[in-house]
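For reference, the chains in residue letters:
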Amino acid sequence: MSISVSKLGLAAAQFGLDGMTSSPRGRSPEAEARDILSIADRSRLSVLDVSGVYGRAESVLGDLIPRPVNFRVTLSTARADRGADFVEAEARGSLRRLGLERADAIIVHSPSDLFGPHGAALWDRLARLRDEGLFEKIGVSAHASDDPVGVARRFKPDILQAPASLLDQRLLADGSLARIAGMGVEVQLRSIFLNGLLFLPPDRVPAQLKGASGRLSRVRRMIAEGRSDPLQAALGFALSRPEASAVLVGVTSAAELSAVVAAASSPPPDLDWDDMAIDDPVALDPRRWVA
């Protein structure tokens, strides 16, 4: 098994289990998810992040996960504005639906939950659930604009999830993720494909991102000149980061995951990573994109 592949984690939110509609190839989401999980299990991916999967979709996922479960399963908290009791009840319900007695981690989906009126009670409750053995770790998912270093210093999470990619290198370039890892916090990278922006042909780039189109074209050209492709470049960059213990990827089909595993198993391309970062604030924040 490649060391790089073992660093990969799988985000289940894109499996399509919530909508339960067939894929364009006519396959059911359950069949596709079963094959995705089988490939992930055989390839020994380290983390299964089920944040963004709720209710019936969790039950379906629980039926599909290969047993024994070899993944480090990560959940996300419910909305904090309904109080710590609700968050705990939902966490226990998620474990039950997934068929798990315990999980590796539970992640607060935004630092704003911790700074809200229920934040202190929420964090205390998660720490109690960790002490009870329901979760081994508790953590926070943050955006670059959330001051993740400040969040790590204040709350001392076991895990911090943050966006970083070939195109979005802000938290790497300013040393934020290195400082967080230096505190003993496990760093997990997400959004490494930046919502697929690197894969979009120039004529399909959203109008709001036209200001970054020239830069994107240059990055694609550099990747091609380096005899690589966008998938291998994006994975090679993320998996080579010493700050990160895991790199989370989202896929919608077994074929996509097979391509990811193959690319991650290849030697990383010899590219000038630093020269590929972009600084367009809209392009770097998919929340500001308009379909």
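This one's a predicted model, so the numbers in the text were calculated from it and none came from an experiment.

Asks: Explanation requested: the overall build of the protein in the structure shown.
Replies: Each helix and strand in the protein was counted, giving twelve helices and eight strands. If you line up the protein on its principal axes, its C-alpha atoms span 55 × 45 × 35 Å. Looking at the 291 residues of the protein, the share that counts as buried comes to 53%. On the protein, roughly 13,200 Å² of surface is accessible, and the fraction owed to carbon and sulfur atoms is 49%.

Asks: Please clarify how the pairing of strand β3 (residues 72-76) should be interpreted in this entry.
Replies: Look at any regular strand and the pattern is simple: side chains alternate between the two faces of the sheet. Among the five residues in β3, four count as buried, and that is most of the element. Pairing geometry for strand β2 (residues 47-49) and β3, over three bridges, is parallel. The residue bridging D49 from the neighbouring strand is T74, located in β3. Taken together, β2, helix α3 (residues 56-64) and β3 constitute a β-α-β crossover, and its handedness is right-handed. Pairing of β3 with strand β4 (residues 103-108) involves three bridges; the strand directions are parallel. The partner of T74 across the bridge, within β4, is A105.

Asks: Is there a simple way to think about helix α2 (residues 29-42) in this case?
Replies: Taking 1.5 Å of rise per residue, 14 residues should cover 20 Å, and α2 covers 20 Å from first to last C-alpha, within 8% of that figure. Inspection of α2 places P29, A31, E32, A33, I36, L37, I39 and A40 among the buried residues, and these make up the whole buried set. Lining the buried residues of α2 we find β1 (8-11), β2, α3 and α12 (254-265). Looking one or two residues past α2, R44 carries a phi angle of roughly 65°, positive in sign.

Asks: For this particular structure, what's the right way to read helix α7 (residues 148-155)?
Replies: Helical geometry: 3.6 residues make up each α-helical turn, so side chains three or four residues apart lie on a common side. Every buried residue belonging to α7 is among P148, V149, V151, A152 and F155, and all of these are buried. Across the axial projection of α7, the buried residues extend over an arc of 160°, all falling on one side. Turned more than 90 degrees away from the buried face of α7, the exposed residues are R153 and R154. Turning to α7, the residues buried within the fold contact α5 (111-115), α6 (119-131), β5 (135-141), β6 (159-163), α8 (170-173) and α9 (176-182). Just past α7, the residue K156 takes up positive phi, approximately 50°.

Asks: Explain the nonpolar core here, please?
Replies: When a protein is soluble and globular, its nonpolar side chains tend to lie buried together. Of all hydrophobic cores here, the largest spans 95 residues; its most connected members are L10, L61 and L257. Beyond its immediate sequence surroundings of up to four residues, L61 is in contact with A12, F15, L17, L37, V50, V53 and L98.

Asks: Explain the packing of helix α11 (residues 230-239) against α12 here, please?
Replies: Packed helix pairs are specified by the crossing angle of their axes together with the interaxial distance, meaning the distance between the axes. Contact geometry for α11 and α12: axes closest at 9 Å, N-to-C directions at 60°. Considered as vectors, α11 and α12 are oriented oblique to each other. You can see that α11 and α12 cross each other, and the crossing is right-handed. Contacts between α11 and α12 pair L231, Q232, L235 and L239 from the former with A259, V260, A263 and A264 from the latter. Taken together, the residues of the contact of α11 with α12 break down into seven nonpolar, one polar and no charged.

Asks: How should I be thinking about the side chain of S165 in this particular structure?
Replies: Following the sequence through the fold, S165 ends up in the loop between β6 and α8. Here D168 takes part through its backbone nitrogen, which lies 2.9 Å from a polar atom of the side chain of S165. Beyond its immediate chain neighbours, meaning those up to four positions away, S165 contacts S191, I192, L194 and F237.

Asks: Just to check I follow, could you spell out unusual backbone geometry for this structure?
Replies: Most peptide bonds take the trans configuration, and most residues that are not glycine carry a negative phi. The omega angle of the peptide bond from R67 to P68 is -5°, so this bond is cis rather than trans. With respect to the element layout, P68 can be found in the loop between α3 and β3. Even without being a glycine, L194 presents a positive backbone phi close to 45°. Within the fold, L194 resides in the loop between β7 (186-190) and α10 (213-225).

Parameters at a glance
- Residues numbered from 1 in each chain as written.
- Predicted model: local features only at pLDDT ≥ 70, side-chain atom pairs only at ≥ 80, totals over all residues.
- Heavy atoms only, no water.
- Helix = DSSP H or I, 4+ residues; strand = E, 2+ residues; numbered from the N terminus.
- Buried < 20%, exposed > 50% of the residue type's maximum accessible area, 1.4 Å probe, protein only.
- Areas by Shrake-Rupley, 256 points an atom, 1.4 Å probe, with all protein chains shown as cover.
- Pairing = 2+ DSSP bridges.
- Right-handed = clockwise from strand over helix to strand, strands pointing away.
- Expected span 1.5 Å × (residues − 1).
- Contact = heavy atoms within 4.5 Å.
- Arc of directions from axis to C-beta.
- Core = buried A, V, L, I, M, F, W, Y, C linked by side-chain atoms within 4.5 Å.
- Axes fitted to C-alpha atoms, helices over the stretch in contact; angles between N-to-C directions.
- Parallel < 35°, antiparallel > 145°, perpendicular 65-115°, else oblique.
- Left-handed = near helix turned anticlockwise from the far one by under 90°.
- Nonpolar A, V, L, I, M, F, W, Y, C, P; charged D, E, K, R; others polar.
- Polar contact = N/O pair within 3.5 Å; in protein donor to acceptor, adjacent residues only side chain to side chain.

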